[in-house]
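Chain residues, written in single-letter form:
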Amino acid sequence: MVESSDYDALLVIEANFDGPPGPFWAQLQALLGERLREVLRCCKRPMDSSACLYDLVTADRSRRDPAPFLECHVIHPKAFFHGNRGLPRERILAEQALAEMVEDRLKDGSSWNGQSSEEVRQALRSELMPKFDWLGNKPATRIPLTETLLDWLKLAALLFAVLHISLVPGAVLAALLGDAALAVLFAVAAIPVWMFFNRYRRPIETVGTSSSVTLLSFARKNLIKILGALAVLFLLSWPISASANVLARDLAWPAAWQASARQLAWGIVWLIAILIPAVLIWMRYLERHDSSQDGPETDPLVLRQMREMEDWIPQNHMVSVVSLRPQIPRRAMSYIGTPLIHLALRAAVHDGYLGSMRTIHCAQWAFVNNGSRLLFLSNYDLSWESYFDDFIEKAHEGVTAVWCGSVGFPPVTMLIEDGAAHGRAFKNWARHSMSPTRFWVSAYPNLTVDQIERNNRIANGLCAARLSPEAARQWAEDL
Amino acid sequence: MGGRPVSERNLDGSSWKLAEPHAHQVQGMVVSGFSHLPISQTLLLRFDWDKTVRGGAWLEALAEIAPVTPADGKQDSSASLGITATGLKKMGLSDEILAGFSQPFREGMFQTDRMRRLNDRVGTQWSECVIDGGPLWSANTPPDNSGEGSGLLASLPRRDSVRVVTELTVHAILIIHCTDAPEATTWAKETAAVLKRCDVNVVRAKETTLGFDDEGMVREHFGFVDGLSQPIPWDEEAVRDAPPAPDPIHGIALGDVVLGHTDGHHETTTGPLVVPGNNALADPDDPSALDLLFNGSYLVVRELRQDVAGFWNDAERIARTMGTNPATGGQFDGNWVGERVIGRSMEGDVLRPDGVLPRKPVSPPNEAHAASSETKPVPDNEFLYWDDDRAGLGCPLGSHIRRGNPRDGLATKPSQTKSLLASSNRHRIIRRARKFGPYIEDRMVDDGVERGLIFAVINADIERQFEFVQQSWMMSPSFHTLFDETDPLLGPKSNFSIGAEPVRRRVTIHNHTKLAGGDYFFLPSLPALEWLSGL
Ligand code: HEM
């Protein structure tokens, strides 16, 4: 339950489950149906078409299944990070059982002296095979190639759509004006834009944390990729813009190809020389005028309630809701940036870890209250303090990118710099945005992300019929 | 005291000093382990005055007999003073000023949730790592019940809420450092008498020592060389003769040690502003206002009893179960096991897959008065783990020093080593532990004498530094992809994995260090002390 003084309390039911939603709803209904009904009776009657369903479910002595009503109110996260991706619960538990059995067989380790790692592995494999018959099979691929390709494709499509739309004004201008006029026009526009950009791109004095990664250094480091992306952008946009020329200007195809190439080239110049720096200046203007909250006060009692629930098992849970800043570019960044981050994470992260952060089971971001607030839910390992230290020390650029459009966030420079690097300010802000998690069930409460990955490596290694000495040695390091 | 070092260098060989005006203001203990003052008396004080007495009076009396020494140079003797939150309150510090101190300090070490996090107590049970019956002393900070029973949340059932009251209440800690024992004893006696007149009672006193061996190295009770690894604070302005950049391995921000300077999370702590003679928050525009926290620090103290015979008998027992050592062909022995527990050899050299890290030859001493002992090579602390011992075949992944400071070892890819070293360094602590009780005669025979470590840590952010080390590294059962095991030196009875080929050795080790008391103290700057004397 998320409480704040600006909105009515929000009941949040977070469900991370394997497989299709159908069986999930059935199980939820079987397990908690009547209690959910009681909970729903305390909720406000919705104003949309689900109101009659609400009435049916919550009516006195109703026996209607509450799940369909809840289904009407499902919000899919706009960004979802899935640790240990590709490992369903069944497999995690099976691999844990296997790893425990392996531990049991290894005992104190002394009886294996003199053997090679591969001999140890073979011995364990043949001994455990009868109990774990799946050791004979090739382990299922965690993330099928098709899925990854699809993710890349989606990411590319979204990026393409955004960039293509952005270069249209430049291309249209190119269609209307000659090269000389355009060059003058763009130069006249670009020079002040870049001057302003250079003047404002650096952090204001009290904000700078001398981050080693800046937006510009990031761009510089990825220059080849960016140039490649622009080339792809050009190639993909070409047919679109050629057809537009054929349709709108009645050109013949060969002339249309030629004309559109020129327009696109100018469009890209417009994008790089004017639009992007101009948007960044706008962002910098907003960033320099942000009202970040220096001393957010967390109600001591709420804080105690949260702390009281934390650190009983290796995993913890957190829920945070923050208001989004109102300006158009901010909202646009949040609404477009969050799905981009989602796709980028899915496409690029395959080892179950988020960079060097190895503690996140699942984390999700969603927009609630008519898109005015950002909800963040996370299941993580170890303490809240260490989780946030990880954010601050290992991933502050990403964290800043996700939350820089939120009210009160510590001062940011160029979307990814500073922000969450202001350690204590960020922690205070985050604590302030949290509500105690009242009820929380973990599918495997005693396992950390790291241990799940380790068990998986042990199991995969045991499935192999043969391993090279080096691979076997590496495998044995996990035991 | 044989060949003890006589230079001003710290025990770990580093030397960093504060620039003026900070050196005059910060307590000496922050910058120096006082290796030239190996004998000390640690006095735990309780304020017993009644309402008619001024809260700062005792500090004025103390300044006559044992003035707190600043960090501006070597002294023949030295005194350090820390005050608990309850002590400040008893001195009459107003609530609005106290509210400007950090939360862990205000709540104390034995707040319910904190005890669980530090692994001292879960629910109603003291952990095995605490002496029977619970700790003897603490600040006895009352739980903060403000707001309880009001608001929407108050109707919820509480999960865990206990109030721990220790037999002894400690309001302040006074450590006096001397060159020899008689001097320390006399001084401590005189100081106690002076304090007594102000109704400040010494409720617990320990002679604490560094204890050098013939090589000039500090040995703790189990026999290991200690005090080798310390962070090196860096600040462009406030550190004297600061090198152009922080030390690549041990460099941390000065603000992680001294409050009011830029810290590892790019922030500076500002404390409550006060003006002399007024026990209320000052006007922030008042140029004479003093930031009460500026140039102060927080001191974490844990009195840890060590069962030396228990430890070594356990080590011998484990060694016997381990059979022959394939590396030597001989039997494993207790030392071998003990060294894996620490991660360093008895002499202090870090364990590596092929033995220990060789010592670097010493460069010729540049100080004219450098003693002969300093020209001998000392254990090398300029090491990392990723390149040479990633899998823990030398220094076990779960050994005390790897848990205490994993350096770059938590990386999973070469590209991460730099950032993970940096992130480890955000949790470094300055250790100023000294031991109490005599060394044991025969380490295998329990003589019934109490001995151990007054474990003392200086840090600016108790949660991010000391508590993080204790909770997320030392006591975490899932540290470094291990499972089901905690620090073999500090934790409860648990497994301990020792990296080996073809497969790790796993032994069960019992607990031999127990918490007997402790709390969080504020180490005021000298100007802050002066202001406090005016209370
Ligand atoms: C009876 C208690 C303890 C004993 C006997 C002990 C002993 C040692 C020894 C022998 C070393 C190696 C020497 C060195 O690196 O300086 C060491 C290092 C260390 N210990 Fe302890 N220790 C104790 C308690 C603690 C506690 C409670 C903590 C923190 C929660 C701690 C944190 C550390 C750290 C951070 C290091 C340095 C690791 C490095 O930087 O490489 N120790 N200790």
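Values in this document were obtained by computation on a predicted structure and should not be read as measured data.

**Student:** Whenever I open this one, the overall build of chain A confuses me. Can you help?
**Tutor:** Counting secondary structure elements, chain A contains 17 helices and seven strands. The dimensions of chain A, computed from C-alpha atoms along their principal axes, are 80 × 65 × 50 Å. Considering only contacts within chain A whose residues lie at least 6 apart along the sequence, 74% involve residues at least 24 apart. When the accessible surface of chain A is summed, it comes to about 23600 Å², and 64% of that surface belongs to carbon and sulfur atoms.

**Student:** I'm lost on the site of the ligand in this one. Help?
**Tutor:** Residue and element names in this part refer to chain B. Looking at the ligand, there are 26 residues lining it, with Leu228, Ser229, His400, Arg407 and Arg431 nearest. Here an oxygen atom of the ligand sits 2.6 Å away from a polar atom, N or O, in the main chain of Leu228. For the ligand, an oxygen atom lies 2.5 Å from a polar atom in the side chain of Ser229. Contributing elements (two or more residues each) for the shell around the ligand: β13 (297-306), α12 (400-404), β18 (452-459) and α14 (463-474). Split into classes, the residues belonging to the shell around the ligand amount to 12 nonpolar, eight polar and six charged.

**Student:** Hey, could you run me through the sheet that holds strand β4 (residues 373-381) of chain A in this one?
**Tutor:** Within a beta sheet, neighbouring strands are joined by backbone hydrogen bonds and run either parallel or antiparallel to one another. All names here are of chain A. Read from one edge of the open sheet, five strands run β1-β3-β4-β2-β7, paired in antiparallel fashion. Of all strands in the sheet, those with a lone pairing partner are β1 (79-82) and β7 (434-435), marking the two edges. Pairing of strand β2 (residues 315-323) with β4 involves nine bridges; the strand directions are antiparallel. When the bridges of β4 are listed, Ser323 appears paired with Arg373. Set on the sheet, helix α14 (residues 396-403) makes contact with β2, β3 (360-368) and β4; between it and β4 the angle comes to about 150°.

**Student:** How should I be thinking about the packing of helix α6 (residues 145-176) of chain A against helix α12 (residues 328-348) of chain A in this particular structure?
**Tutor:** Between two packed helices, the angle of one axis relative to the other and the distance separating the axes together describe the packing. All names here are of chain A. At a minimum axis distance of 8 Å, the contact between α6 and α12 shows a crossing angle of 150°. The pairing of α6 with α12 is recorded here as roughly antiparallel in orientation. With respect to the hand of their crossing, α6 and α12 are arranged in left-handed fashion. In this structure, α6 uses Glu147, Thr148, Asp151, Trp152, Lys154, Leu155, Leu158, Leu159 and Val162 to contact α12, whose residues at the interface are Ile336, Pro339, Leu340, Leu343, Ala344, Arg346, Ala347 and Ala348. Among the residues making up the contact of α6 with α12, the classes are represented as 12 nonpolar, one polar and four charged.

**Student:** How should the pairing of strand β19 (residues 494-498) of chain B be read in this particular structure?
**Tutor:** Regular strands place side chains that alternate from one sheet face to the opposite one. Residue and element names in this part refer to chain B. Counting buried positions over the five residues of β19 gives four, a clear majority of the element. Strand direction decides the pairing type here: β19 and strand β20 (residues 505-509), joined by five bridges, are antiparallel. Bridge pairing in β20 places Asn495 opposite Thr508. Remark: six residues form the turn of the hairpin made by β19 and β20, two consecutive strands paired antiparallel.

**Student:** Which parts of the structure should I look at to understand the interface of chain B and chain A?
**Tutor:** By a widely used convention, the size of an interface equals the accessible area lost when the partners come together. With 56 residues of chain B at the contact, the number on the chain A side is 53 residues. At the boundary of chain B and chain A, one finds seven salt bridges. Its salt-bridge partner being A:Arg473, residue B:Glu501 comes within 3.7 Å of it at the nearest N-O pair. Counting across the chain B and chain A interface gives 21 residue pairs in polar contact (both at pLDDT 80 or more). Listing elements by their share of the side of chain B that touches chain A, those giving two or more residues are α7 (112-117), α13 (417-425), α14 and β20 of chain B. Among the elements that make up the side of chain B that touches chain A, the one with the highest residue count is α14(B) (five residues).

**Student:** Which parts of the structure should I look at to understand the environment of A:Ala465?
**Tutor:** Following the sequence through the fold, A:Ala465 ends up in the loop between α16 (449-463) and α17 (469-477). Excluding its chain neighbours within four sequence positions, the residues that come into contact with A:Ala465 are A:Glu118, A:Arg121, A:Gln122 and A:Arg125.

**Student:** Mind showing me how you'd approach the side chain of A:Glu393 here?
**Tutor:** The topology assignment puts A:Glu393 in helix α13 (residues 384-394). Although A:Glu393 is buried, it makes no salt bridge; B:Arg426 carries the closest opposite charge, 4.5 Å away. Side chain to side chain, A:Glu393 and B:His265 meet in a polar contact 3.0 Å long. If sequence neighbours within four positions are ignored, A:Glu393 has contacts with B:His265, B:Ser423, B:Arg426, B:His427 and B:Arg464.

**Student:** Looking at this structure, I do not really get the coordination of the iron atom of the ligand. What am I missing?
**Tutor:** Expected angles at a metal are 109.5 degrees for tetrahedral coordination by four donors and either 90 or 180 degrees for octahedral coordination by six donors. If you check the protein contacts of the iron atom of the ligand, you find one donor only, B:His400 (NE2), at 2.0 Å. Relative to the helices and strands, B:His400 resides in helix α12.

**Student:** Is there a simple way to explain the domain arrangement of chain A in this structure?
**Tutor:** Its domain assignment divides chain A into domain 1 (1-74), domain 2 (76-142 + 294-479) and domain 3 (145-288). One C-alpha centre belongs to domain 1 of chain A, the other to domain 3 of chain A; they are set 45 Å apart.

**Student:** Would you mind going over helix α1 (residues 21-41) of chain A with me for this structure?
**Tutor:** Residues three or four positions apart in an α-helix share a direction because the helix packs 3.6 residues into each turn. Residues and elements named next belong to chain A. Here α1 spans only 24 Å end to end across 21 residues, well under the 30 Å set by a 1.5 Å rise per residue. Along α1, the largest kink reaches about 80° and is centred on Leu32. Inspection of α1 places Phe24, Trp25, Leu28, Gly33, Leu36, Arg37 and Leu40 among the buried residues, and these make up the whole buried set. Buried-residue contacts for α1 involve α2 (51-58) and α3 (67-72).

**Student:** I tried to follow the side chain of A:His422 on my own but got confused; where do I start?
**Tutor:** Locating A:His422 in the fold gives a position in the loop between β6 (417-418) and α15 (423-432). Residue class for A:His422 comes out buried when judged on its relative accessible area of 7%. When neighbours within four sequence positions are excluded, A:His422 is seen to be in contact with A:Thr206, A:Val207, A:Thr209, A:Pro410, A:Pro411, B:His265, B:His266 and B:Glu267.

**Student:** Which parts of the structure should I look at to understand α12(A)?
**Tutor:** Residue and element names in this part refer to chain A. Between the first and last C-alpha of α12 there are 29 Å, a value that for 21 residues agrees with the 30 Å anticipated at 1.5 Å per step. Of all the bends in α12, the largest measures some 25° and sits at Gly337, one to four residues before the proline Pro339. Along α12, the residues that are buried comprise Pro329, Arg330, Ser334, Gly337, Thr338, Pro339, His342, Leu343, Leu345 and Ala347. Structurally, α12 contributes buried residues whose contacts are with β1, α6, α10 (253-288) and β3.

What counts as what
Residues numbered from 1 in each chain as written. Chains lettered and ligands numbered in written order. Predicted model: local features only at pLDDT ≥ 70, side-chain atom pairs only at ≥ 80, totals over all residues. Heavy atoms only, no water. Helix = DSSP H or I, 4+ residues; strand = E, 2+ residues; numbered from the N terminus. Contact = heavy atoms within 4.5 Å. Areas by Shrake-Rupley, 256 points an atom, 1.4 Å probe, with all protein chains shown as cover. Near = heavy atom within 4 Å. Polar contact = N/O pair within 3.5 Å; in protein donor to acceptor, adjacent residues only side chain to side chain. Nonpolar A, V, L, I, M, F, W, Y, C, P; charged D, E, K, R; others polar. Pairing = 2+ DSSP bridges. Axes fitted to C-alpha atoms, helices over the stretch in contact; angles between N-to-C directions. Parallel < 35°, antiparallel > 145°, perpendicular 65-115°, else oblique. Left-handed = near helix turned anticlockwise from the far one by under 90°. Buried < 20%, exposed > 50% of the residue type's maximum accessible area, 1.4 Å probe, protein only. Salt bridge = Lys/Arg side-chain N within 4 Å of Asp/Glu carboxyl O. Lys, Arg positive; Asp, Glu negative; His and termini not counted. Donors = N, O, S within 2.8 Å, 3.2 Å for Na, K, Ca; no water. Domains from an automatic or database assignment. Expected span 1.5 Å × (residues − 1). Bend = angle between axes of the 7 residues up to and from the residue.

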